[in-house]
Structure formats: C-alpha cells, structure tokens
Amino acid sequence: MDFSNSEESTIIRDNIKKLLGNYSSNDYLLKYDEYKLDLELFKELKQGGYLFDLESKNPFNLEFFLIVCEELGYSNATFDPTQCISDVAMTLSESNTEIAKSALKKLFSEDDYIFSSALVEPLNYDIESPSLIGKITGERYCLTGKKIFSYAADQASCMLISFICDDGIKLALIDPRLCNVRHTSNTTSKPYFEISFSNFDISQDQIINGDKNGLDILKDISAKKILIQASYAKGITNRMIELTSEYTSAREQFGRPIGSFQAVAHRAANAFISNQVLDLNLKHVTYKYLNNNECENELLNLKYILGNTLHEISYTAQHLHGGMGVAKEYPLWRYCLEAKEFELMNGNSKSALAKLSQNLTSNQ
Amino acid sequence: MKIELNKKQESLKQELREYFTSMMTSSLTKELSDDKYFEGGGPEFRKTLKQIGKDGWIGLSWPKEFGGKEFTPTEQYIFVEEVMRTGFPFPFLTTESVGPMIVKFGSEWAKENIATGILNGDIIFAIGYSEPNSGTDLASLQTRAIEKNNGYLINGQKIWTSLANYADYVWLATRTNDEVKKHKGISIFIVPTDDKGFKYTPIKTLGDVTTNSTFYEDVYVPKQNLVGNIDEGWNLITSQLNLERLALVNHGPVDQMFQELLLLINDTKLSDGTNLSEVDWVKRNVANIYSGLESLKLICWKLVWGMENENLSMTDASMAKIYGSEFFIEAYRQMMEILGEIAILKKDDLSIMNSKLERMYRTASILTFGGGTNEVQRDIIAMAGLFMPRSR
Ligand SMILES: Cc1cc2nc3c(=O)[nH]c(=O)nc-3n(C[C@H](O)[C@H](O)[C@H](O)COP(=O)(O)OP(=O)(O)OC[C@H]3O[C@@H](n4cnc5c(N)ncnc54)[C@H](O)[C@@H]3O)c2cc1C
C-alpha cells in the first residue's frame, strides 16, 4: 500500500500553482464576476502543457489533469477546461474516425481553438441516457430537442453532442455556430449555453462512435466527469477550510480567537474529516480507474460524497466566518457558488446514492 | 391540549392571504423582481407600504392607544407567515421591533413624529448594532455618544447596517459609559440618515442582499432622540430579540416554495418519460422537507403559545432559531437536488420557480450566525434547558 504522491505529480502541482497565482488575485477575479470566461488563461494552460502534452505518446494524462483541476478549483480559476479536454478531446483521442482526428489536430495547433460538449439535458440526472432523438433518414440523422450547460458554446468551433436513435446512442461532432445557441445566466456566471435543435441535420461522417458502443463512451465520459468534479471539489473545500482556520484563528470576540471556542473548533474539525474522506475516496477511485479496474460503485460513492462534502463545508465555512463569509470583499463567497454548482452538476448525491443502492442490492 | 389555529386565527389567515395576494400588483411584482429593489425601497414598495399603513396593517403588536392592533403573538406569527409567502419585503424590524419600543420608551417627540410615521408607512429604520469588532459579542460595541449642548455627539462605525441605503433613520446602539460593565453602558438613539455626518458604503454579499458600512462623524442629535434612559439600551436590544428570532424562522416562505415544488413535481416528466414524483429519492426528499416543515411549525407555534401565556421559555426560543435556520439550509438543498442543474439558473426561460431557490440558497447561512449565533443558542439550551454548567 502506498498513499504518497509521485515526484512527477508534485512537480506538476507546484508549477500549476505558480501559474494560477497570476490569475487568482481578487482584482483579477473581479473582472470575471459577471462573465467567467478567460480565454487568456485557457491559452496559457494549453501552451504550458497543462491540458495535453504533445511530446508524450498519449497527449492526455488523466492523472495529471485531475491535479490541474484540483488547483483550478483551489484558485477559483476563470476558465474551466473540463468539457473541452475531458468530455471532448480525451473522447476523440480514443476514436478512430477521421473527423475526430482532424478536430484534435486543430485543438493542438490553433491557440484559441476550443471544444464544447452538449451532453446535459433539462431534468435528466443521467448523461448516460440521452433523450435527444435523432431520426434516421438514409445516411443522415435529424435531431430535435434541447441540451443545456454547454460551456463556452459561443466560442467553440466544434461541439460533441449525444443523442439516441434506433441504432442506439450516438456521439457526433457538430459546428455550434450552425445551431441555436442561447446564453443562460447562472449562479457562478460561467458561460453556459442552451443548444436547441430543430430538424438539425447530421451526416454519418460526423459520428465519432467508430467501433465503440455509444453507451460505453458515455459511461467513460461520465466516470471522468465524476473524477474531475471530485478533484475540483477537493480544491474548493481545501481552500474553504484553509480560509476558515486562518480566519477563526485571527478573529476575536469576547476577548479571544473565535477558533478557541470548542464548538467552532469541533465544527472545523468535522469539515476536515469530511474533506479527508473525500480525498481518500478520490485517490482510491482514481487509482482503480487508471488501472482499468471495475469501479462503477466506487465512482457512484465518490459522486455521493463529493456533493455532501461541498454542501457541508460550504455552510460550515460561511457560518464560522459570520458576516465576513458572505461579504464579496472577502474571497469565500466565490467558492460557495462553485461548491453549489459542482454539487448539482451531472446528477447529485441523492441520485448517485439511489443508483448505488440499486447496484448493490441487485448484485446480491 | 389543542394544537391548531382557532376559528378566529384561521379567518385572520384567510383575510391576510386575500389581502396580500391582491396587494401584489403586477407593477409591484415587477419592481421586486428588479435586483435593485428586491429588498424594498423602490417607489412601488413605498406606495404599497403606505397603503398597508392606511389599511391598518402596521403596528400589529402595538397598544391600541397608539393606533396598534394589540395582536397576540400567534396573530403576529400568522401575519409574518402570510406576508412572507408573498415575498413582499415588509419592514418587520421597523414596525414590530423599533415601533413598539418607541411608543413605550421614546420621548414625546419620538412618539408623535416617529411612531406615527411608522404607522403610516412613511418611516423605515435600519438597525445599527453590529460593528467591525463587535458581532456576536455585541455588548463590546464602541460607537460613542457624548453629551453636548443639551444633546449628544455621535462618532463611530457600524457594519452590516442593512437598509441604511434607503432608510430614514438608524436605530443606533452606542456606548455612553465606560465606567460600568459593558452591558450597562449602552444607549439607543434615533439617528436621521440625512445628517451630514452620516455616510454609508454598500457591502455586496453572496445572496445579493445589500448591506452597508455606516459611518458617524460628529453626528449631533438632540436629547429627544434618545430612547429610554441613558445607559439602559441593552434591555431595548434584547427585549424584542425573541420575537425577532421567531420572525426569522417563520415556516411560511419555505412552505410556500414547498407547495409550489409539489405542484411542479406532479406536473413534470423527466426526459425518460417517468414522472418526477415517481422517483424514489425525489419522494424521500419531499418527505424530508415535509417532516422538517411540520416540526418547525410546531416549534414556532409552541413558542408563540408560550409568549401568549407569559411563559416564554428561553430554551424554546433558542431551539426555534437553531432548528429553523439549519432546516432552511437543508430544505433549499433538497429542493435544488430535485430540480437538478436547472436550480442554479438565474432568471431564464428554463429556470423553474422564477429562480427563487437560486437566490434563497445564497442567503441561507445568514440566519445561522445572525440574530445570535447558533453556538450561543446551543449554550443557552444546555444551560437553561439541561441545567448543565455554563461554558464561559
Ligand atoms: C446580510 C447581513 C445583514 C445584516 N444586517 C444587520 C443589520 O441590519 N444590523 C446589524 O446590526 N447587524 C446586521 N448583521 C450582522 C449580524 O448580526 C452579524 O453578522 C452577527 O451578529 C454575527 O457577527 P459577526 O458577523 O461579527 O460574526 P462573529 O461574531 O465574528 O462570529 C463568527 C462565528 O464565530 C463563532 N462564535 C462567535 N462567538 C462565539 C461564542 N461565544 N461561542 C461559540 N462560537 C462563537 C460562531 O460560529 C459565529 O458564527 C447582518 C449581517 C449580514 C451578513
């Protein structure tokens, strides 16, 4: 057994921390409070080799990407590469289709080339079962329906969508500029868009399934999403706990630091325990996933834990800070917004727990 | 035992529901959905408040001789419940905390001018208690009032003075004596916000609630602006606190959202065709919220019953504050889970329930540390309810 981090991962963490230090001052973040999309940071991450590494045999390294995501969460970063890299680029790198290869080439060669994904649907907790329908007409598919929460869809030149047809689940690359893209304002001010399809035409050569089953591809995207969300969550909760311990040590009421009240110390300690539990589960599932071990239940458990932990630590941090915790002049508030988003995206603790219990009882 | 509203109370509830529903005109609703005015202060809000005053719905707890209704605590609770269901930002602190104290302890000038103004819906107060270094330990406050020229000169700084951006007066707690124990040297003044020594700067918050830092530089007020006796302000601060806490955790607004959610659940199909109301974990969330709401309602009812019978228990008051504030956080979470990602959308074609939940989850923590932080409330329960030793 070995719970330690590799030397290489420590180097990556140190480097990304250094880079993000330039992008996380309060003045810097302020510029993005209305609309949190920072394409400069995206370019910097790309050029710095934090999103892919063209010199290695496989340009995408999930283990390192998870470290990057944790640090992005920790620094409240103004760009979120999850959809571009994990949903789309990593998926395309496993497809043997021409369209996937040429799209990836563009991502690698053009600085501001960005992917978006359209996998989430309104009132559908499960991206593995899309309800967007593709009617087959000869060699083509005709789509009607809606996707939501597509990140930076107005900037993207290429978007991965999922749909269901008589042949099962398909994934296709489309040009979002050809469909109806509408900005939806939301709690974190991230650039999320609704994509509406009305008799939208897709040809066979836009499908990236290749020889893979669509459900398997979505299962893999979904697994990576959970790992990434948990990494972000860990970054967010690490920072919230750090802020809380610093603040409650310095803030005095009744002539003593509020952190010296046992009730305060105990609640902070509970947050610490929950955070450790999240960390251990994330490490375990990452290890299993990277080593191709079956880990569906562990992933569901991680999803369950990450939602609960974000919720618990966000409110603990706010409460123990008193008024300062909700004042926008102090950094905590942005983390609280991020926490709620990651808690509710792509299903939630309760839906994960329900699925997990179904798996466990049916296995028996 | 009789744990239900009586006929008179039920009919008051019905009357208030009809009254406040008809009051929410489309122009008022539109103004309140504007980020600038959702906390009140806009022209429609002012107009409506005057109308409410004219209709005799301000001053519920005030004695009849001062134009009040002498409502019982249960009736006041029903009133708060019904107003809160509509989302109208009724200035309860002005009408039910400051107002009754002015008619009881204020100078003749204050009774004649300020109390009447409140009753008419013309005057709104901000509460100036908290300071940068005095939050939970409120009695340590340092804003000073010094006697001068038959009046008082006030200097200092407050923080979190909500509504100061549009209020007419601040109900200001000041230190007037350093020679006695800290609770004993505090006095309350009515401070006009149009004084040239008064300034405020807004503080933006997570829940978009705008509150303010307020600054008092040589603000001079005549003696008539002192409320009650000099150095005896602490009692004025604490005497209304239990009622205030009760208003903070009224079950009305969450119940209103819950009822709207139930309608929605029964009406909404998931993308796979099943009804939202058929999903097991959704059902469990719904039942959890129901259970919390029922319990909160009973806790609050028992408290108002205690108040009515001069048998107010400190333990019950603290329990209501803790249970309510912590339940709200859980209830918003569970409702948001049911709606999924859509719950984090701000006003949008796709957003459900007018994105109310999105805003409420962002304001929920304020109640756990505001109005007497929950740790201190737990200390009170341990001490007064369980007779355990004091923690400090
Ligand atoms: C949006 C908003 C509006 C407000 N409006 C007003 C207003 O209109 N007028 C006004 O006067 N004030 C107002 N307040 C201030 C509010 O009353 C204070 O925030 C509250 O009293 C807590 O004080 P504090 O923020 O300084 O927190 P602190 O006193 O610093 O407390 C922070 C935390 O420390 C812990 N703690 C403190 N003391 C103890 C103890 N003895 N035992 C155990 N734990 C302890 C608790 O966890 C507590 O939550 C408002 C605040 C907010 C955020």
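Quick notes on the rules
- Residues numbered from 1 in each chain as written.
- Chains lettered and ligands numbered in written order.
- Predicted model: local features only at pLDDT ≥ 70, side-chain atom pairs only at ≥ 80, totals over all residues.
- Heavy atoms only, no water.
- Helix = DSSP H or I, 4+ residues; strand = E, 2+ residues; numbered from the N terminus.
- Rg over C-alpha atoms; globule rule 2.2 N^0.38 Å.
- Buried < 20%, exposed > 50% of the residue type's maximum accessible area, 1.4 Å probe, protein only.
- Areas by Shrake-Rupley, 256 points an atom, 1.4 Å probe, with all protein chains shown as cover.
- Near = heavy atom within 4 Å.
- Polar contact = N/O pair within 3.5 Å; in protein donor to acceptor, adjacent residues only side chain to side chain.
- Domains from an automatic or database assignment.
- Contact = heavy atoms within 4.5 Å.
- Buried area = accessible area lost by both parts, 1.4 Å probe.
- Salt bridge = Lys/Arg side-chain N within 4 Å of Asp/Glu carboxyl O.
- Nonpolar A, V, L, I, M, F, W, Y, C, P; charged D, E, K, R; others polar.
- Axes fitted to C-alpha atoms, helices over the stretch in contact; angles between N-to-C directions.
- Parallel < 35°, antiparallel > 145°, perpendicular 65-115°, else oblique.
- Left-handed = near helix turned anticlockwise from the far one by under 90°.
- Patch = residues over 30% accessible without salt bridge, like charges linked within 9 Å, V, L, I, M, F, W, Y side chains within 5 Å.
- 1 Å grid on protein atoms, 1.4 Å probe; cavity = no way out; pocket = protein on both sides within 12 Å on 5 of 7 lines; lining within 4 Å.
- Points joined across faces, edges and corners; volume = space filled by probe spheres on them.
- Core = buried A, V, L, I, M, F, W, Y, C linked by side-chain atoms within 4.5 Å.

*Asks:* Got a minute to help me understand the overall build of chain A in this structure?
*Replies:* Along its length, chain A carries 11 helices and 9 strands. Here chain A has a C-alpha radius of gyration of 21 Å; the compact-globule value for 364 residues is 21 Å, and the two agree. C-alpha atoms of chain A, sized along the principal axes, occupy 80 × 50 × 40 Å. Counting the 364 residues in chain A, one finds 59% classified as buried. With an accessible surface of roughly 15,100 Å², chain A has 49% of that area assigned to carbon and sulfur atoms.

*Asks:* Explain the site of the ligand to me, please; I cannot follow it from the model alone.
*Replies:* In the vicinity of the ligand, 25 residues are found, and the nearest of them are Arg-251 and Gly-323 of chain A together with Thr-136, Trp-160 and Glu-375 of chain B. Mapping the residues near the ligand onto chains gives chains A and B. Ile-127 of chain B places a main-chain nitrogen or oxygen 2.8 Å from a nitrogen atom of the ligand. Coverage of the ligand by the protein chains reaches 92% of its 970 Å² of free accessible surface. Counting only elements with at least two residues in the shell around the ligand, the list comes to helix 9 (296-321) of chain A together with helix 13 (366-369) and helix 14 (374-385) of chain B. Looking at the shell around the ligand element by element, the count peaks at 3 residues for helix 9 of chain A.

*Asks:* Just checking my understanding: could you explain unusual backbone geometry for this structure?
*Replies:* As a rule of thumb, non-glycine residues mostly have phi less than zero, and peptide bonds are mostly trans rather than cis. Residues and elements named next belong to chain B. Here Trp-160, not a glycine, exhibits a phi torsion of approximately 60 degrees, which is positive. Examined against the element boundaries, Trp-160 turns out to sit in the loop between strand 3 (151-158) and strand 4 (169-175). According to the relative accessible area criterion, Trp-160 is partly exposed, its value standing at 23%. The residue Asp-218 is not glycine, and still its phi comes out positive at about 50 degrees. Looking at Asp-218, the relative accessible area reads 47%, which means it is partly exposed.

*Asks:* What is the right way to look at the domain arrangement of chain B in this model?
*Replies:* Interfaces are frequently sized by the accessible area removed from exposure as the parts join. Residues and elements named next belong to chain B. Domains assigned within chain B are domain 1 (7-90), domain 2 (127-232) and domain 3 (249-385). Between the C-alpha centres of domain 1 and domain 2 there is a distance of 28 Å. On the domain 2 side, the residues contacting the 6 residues of domain 1 number 7 residues. Contact with domain 2 buries surface across domain 1, with Phe-38, Glu-39 and Arg-46 losing the most and accounting together for 78% of the total. On inspection of domain 1 and its partner domain 2, the count reaches 1 salt bridge. Its salt-bridge partner being Arg-46, residue Asp-168 comes within 3.5 Å of it at the nearest N-O pair. Of the residues assigned to the side of domain 1 that touches domain 2, the class counts are 2 nonpolar, 2 polar and 2 charged.

*Asks:* What am I meant to see in helix 14 of chain B here?
*Replies:* The periodicity of an α-helix, 3.6 residues per turn, causes residues three or four places apart in sequence to face the same way. Of the residues making up helix 14 of chain B, those classed as buried are Asn-374, Glu-375, Gln-377, Ile-380 and Ala-382 of chain B. Those residues of helix 14 of chain B that are buried lie in contact with helix 8 (262-290) and helix 9 of chain A together with helix 8 (241-248), helix 11 (314-339) and helix 13 of chain B. Phe-387 of chain B lies just past helix 14 of chain B and shows a positive phi near 55 degrees.

*Asks:* What exactly am I supposed to notice about the packing of helix 5 (residues 92-105) of chain B against helix 6 (residues 108-119) of chain B here?
*Replies:* The geometry of a pair of packed helices is captured by two quantities: the angle between their axes and the separation between those axes. Residue and element names in this part refer to chain B. Interhelical geometry of helix 5 versus helix 6 gives an angle of 160 degrees and a closest axis separation of 9 Å. Between helix 5 and helix 6, the angle falls in the class roughly antiparallel. Here helix 5 runs over helix 6; the crossing is left-handed. Across the interface between the two elements, Thr-94, Thr-95, Val-98, Gly-99, Ile-102, Val-103 and Lys-104 from helix 5 touch Ala-110, Lys-111, Ile-114, Ala-115 and Ile-118 from helix 6.

*Asks:* Please clarify how the interface of chain B and chain A should be interpreted in this entry.
*Replies:* Listed as interface residues are 50 residues of chain B and, on the opposing side, 53 residues of chain A. Here chain B packs against chain A, burying approximately 4,400 Å² in sum over the two surfaces, 61% of which is carbon and sulfur. For chain B, the biggest contributors to the area lost against chain A are Leu-206, Arg-333 and Glu-341 of chain B; these three give 17% of the whole. Taken together, the links from chain B to chain A amount to 4 salt bridges. Among the salt bridges present, the one from Asp-348 of chain B reaches Arg-182 of chain A, with a minimum N-O distance of 3.0 Å.

*Asks:* Help me understand the domain arrangement of chain A, please; the structure alone is not making it clear to me.
*Replies:* Residues and elements named next belong to chain A. Domain assignment breaks chain A into domain 1 (1-79), domain 2 (81-212) and domain 3 (214-361). Centre-to-centre separation of domain 2 and domain 3, based on C-alpha positions: 29 Å. The partner domain 3 presents 22 residues to the 25 residues of domain 2 that form the contact. Summing both partners gives a buried area of about 2,100 Å² for domain 2 against domain 3, and 62% of it is carried by carbon and sulfur. The three residues of domain 2 that bury the most area against domain 3 are Tyr-125, Ile-127 and Glu-128, which together make up 27% of that side's buried surface. If you look at where domain 2 meets domain 3, you find 6 salt bridges. Between Lys-225 and Asp-87 there is a salt bridge; the shortest N-O distance is 2.7 Å. The interface formed by domain 2 and domain 3 contains 7 residue pairs in polar contact (both at pLDDT 80 or more). Elements with a minimum of two residues in the side of domain 2 that touches domain 3: helix 5 (82-92), strand 4 (158-165) and strand 5 (168-174).

*Asks:* Would you mind showing me how to read the pattern of salt bridges here?
*Replies:* Side-chain pairs of opposite charge can arise whenever the charged atoms involved come near each other. All told, the structure shown has 55 salt bridges over all chains when counted by the stated rule. Linking Asp-33 of chain A and Arg-334 of chain A is a salt bridge whose minimum nitrogen-to-oxygen distance equals 2.9 Å. Of this pair, Asp-33 of chain A sits in the loop between helix 2 (26-30) and helix 3 (39-47) while Arg-334 of chain A is found in helix 10 (residues 332-344), placing the two residues 301 residues apart along the sequence. In this structure Arg-334 of chain A comes out as buried when scored by relative accessible area, which is 6%. In this structure, Lys-50 of chain B and Asp-122 of chain B form a salt bridge, with 2.7 Å as the shortest nitrogen-oxygen distance. Highlighted residues: Lys-50 of chain B in helix 3 (residues 43-54) and Asp-122 of chain B in the loop between helix 6 and strand 1 (125-128), separated in sequence by 72 residues. Through salt bridges with shared partners, one network takes in Arg-13, Lys-17, Glu-70, Glu-71, Lys-234, Asp-279 and Lys-283 of chain A.

*Asks:* When you look at a nonpolar patch on the surface in this model, what are you seeing that I'm missing?
*Replies:* Residues and elements named next belong to chain A. Taken together, Met-1, Phe-3 and Leu-280 make up a surface patch of nonpolar side chains, about 440 Å² in accessible area. Position of Leu-280 among the secondary structure elements: in helix 8. With relative accessibility at 41%, the residue Leu-280 sits in the partly exposed group.

*Asks:* Is there a simple way to think about the layout of surface pockets in this case?
*Replies:* A probe matching the size of a water molecule, rolled over the atoms, marks out where space remains unfilled. Of the voids in this model, the second largest pocket is the one considered here, and its volume is about 1,200 Å³. What lines the second largest pocket is a set of 41 residues, among which Asp-126, Glu-128, Glu-296, Leu-300 and Lys-355 of chain A lie closest to the centre. Within the residue set of the lining of the second largest pocket, elements represented by two or more residues are helix 7 (214-250), helix 8, helix 9 and helix 11 (349-363) of chain A together with helix 10 (280-308) of chain B. If you tally residues by element for the lining of the second largest pocket, the top one is helix 7 of chain A, at 8 residues. Grouping the constituent residues of the lining of the second largest pocket by class yields 15 nonpolar, 13 polar and 13 charged.

*Asks:* Help me out: how do you make sense of the nonpolar core in this one?
*Replies:* Ile-85 and Phe-115 of chain A together with Phe-88, Ile-102, Phe-125 and Trp-171 of chain B are the most contacted members of the largest nonpolar core, which has 214 residues in total. With residues up to four places along the chain from it excluded, the contact list for Phe-88 of chain B reads Met-23, Met-24, Leu-28, Leu-32, Phe-45, Thr-48, Leu-49, Ile-52 and Val-83 of chain B. Counting 18 residues, the second largest nonpolar core, distinct from the first, contains Leu-132, Tyr-141, Phe-163 and Cys-179 of chain A.

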